[in-house]
Amino acid sequence: QVQLRESGGGSVQAGGSLRLSCVLSGGMISEVAMAWFRQAPGKEREFVSGITWYSTMIEYADSVEGRFVISRDSARTTVFLQMNSLQPEDTAVYYCAARRINGVERSPKRYDYWGQGTQVTVSL
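Right, let's walk through the structure included here. (Residues numbered from 1 in each chain as written. Predicted model: local features only at pLDDT ≥ 70, side-chain atom pairs only at ≥ 80, totals over all residues. Heavy atoms only, no water.)

1. Some remarks on the overall build of the chain
- For the chain, the helix and strand inventory stands at 0 helices and 11 strands.
- Shown N-terminal to C-terminal, the secondary structure of the chain runs as helices and strands in the order β-β-β-β-β-β-β-β-β-β-β.
- Taking 14 Å as the expected radius of gyration for a compact globule of 124 residues, we find that the chain reaches 13 Å, a close match to that expectation.
- Taken along the three principal axes of its C-alpha coordinates, the chain extends 45 × 25 × 20 Å.
- Scored against the burial criterion, the 124 residues of the chain give a buried share of 42%.
- Intrachain contacts of the chain at a sequence separation of at least 6 include 57% that bridge at least 24 residues.
- Total accessible area on the chain is roughly 6,500 Å²; 47% of this is exposed by carbon and sulfur atoms.
- Distance from the positive charge centre (13 side chains) to the negative charge centre (12 side chains) of the chain: 4 Å. (Helix = DSSP H or I, 4+ residues; strand = E, 2+ residues; numbered from the N terminus. Rg over C-alpha atoms; globule rule 2.2 N^0.38 Å. Buried < 20%, exposed > 50% of the residue type's maximum accessible area, 1.4 Å probe, protein only. Contact = heavy atoms within 4.5 Å. Areas by Shrake-Rupley, 256 points an atom, 1.4 Å probe, with all protein chains shown as cover. Lys, Arg positive; Asp, Glu negative; His and termini not counted. Charge placed at Lys NZ, Arg CZ, Asp CG, Glu CD.)

2. What to know about the pairing of strand 1 (residues 3–7)
- The two faces of strand 1 differ: Leu4 and Glu6 on one face are buried, but Gln3, Arg5 and Ser7 on the other face are not.
- Of the pairings in the sheet, the one linking strand 1 to strand 3 (residues 18–25) comprises 5 bridges and is antiparallel in character. Each bridged residue has a counterpart across the sheet, and for Leu4 the counterpart in strand 3 is Leu24. (Pairing = 2+ DSSP bridges.)

3. Focus on the sheet that holds strand 1
- With respect to topology, 4 strands assemble into an open sheet ordered 1-3-8-7, the strand pairing being antiparallel. The open sheet terminates on both sides in strands that have one partner only, identified here as strand 1 and strand 7 (68–72). For this sheet the average axis-to-axis angle between neighbouring strands, irrespective of direction, equals 15°.
- As defined by bridge partners, strand 7 adjoins strand 8 (residues 78–83) across 5 bridges and the pair is classed as antiparallel. Within strand 8, the position partnered with Ile70 by the bridge is Leu81. (Axes fitted to C-alpha atoms, helices over the stretch in contact; angles between N-to-C directions.)

4. Focus: the state of the cysteines
- This structure, assessed with the given rule, holds 1 disulfide.
- A disulfide bridge connects Cys22 with Cys96, and the sulfur atoms are separated by 2.0 Å. Between Cys22 and Cys96 the sulfur-sulfur dihedral comes to about -80°; the bridge is accordingly left-handed. Note that Cys22 is positioned in strand 3 and Cys96 in strand 9 (residues 92–99), a separation of 74 residues in sequence.
- Exposure remark for Cys22: the relative accessible area of 0% places this residue in the buried category. (Disulfide = S-S within 2.5 Å.)

5. Some thoughts on the nonpolar core
- Met34, Trp36, Phe68, Leu81, Met83 and Tyr94 are the most contacted members of the largest nonpolar core, which has 34 residues in total.
- Secondary structure elements with two or more residues in this core: strand 3, strand 4 (33–39), strand 5 (46–51), strand 7, strand 8, strand 9 and strand 11 (118–123).
- Looking at which element gives the most residues to this core, the answer is strand 9, with 5 residues. (Core = buried A, V, L, I, M, F, W, Y, C linked by side-chain atoms within 4.5 Å.)

This is the structure we're talking about:
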């Protein structure tokens with residue numbers, strides 16, 4: 001059973017930074033693309049960033065390009081999201097997702113596994 005576990009959320013003032021982590025475990029873990037999505041109250045879940053198994057493809061939403069950096073460790077089972085210059089509009093629950101096909105997709109429907117989410121709150 002594949003599981004995703006996020007950590008690293010919290011509260012920060014505008015301009016601050018947070019680093020999210022997502023650990024992938026269980027099942028046949030290989031050639032798995034992973035991504036971060038976020039969902040603010042009353043809004044749809046939106047793509048933030050994604051990375052392929054060998055980190056050969058990385059994508060960002062326009063809203064976070066240049067501020068957020070996605071990476072994964074050498075074992076490829078942990079994905080990080082370094083979030084810098086955070087703004088109040090970044091406030092949301094951030095979800096880690098994985099898909100068995102090794103490619104980044106921006107639709108949440110393309111992902112097979114999800115974490116429980118971690119809250120990020122940015123205040124002025």
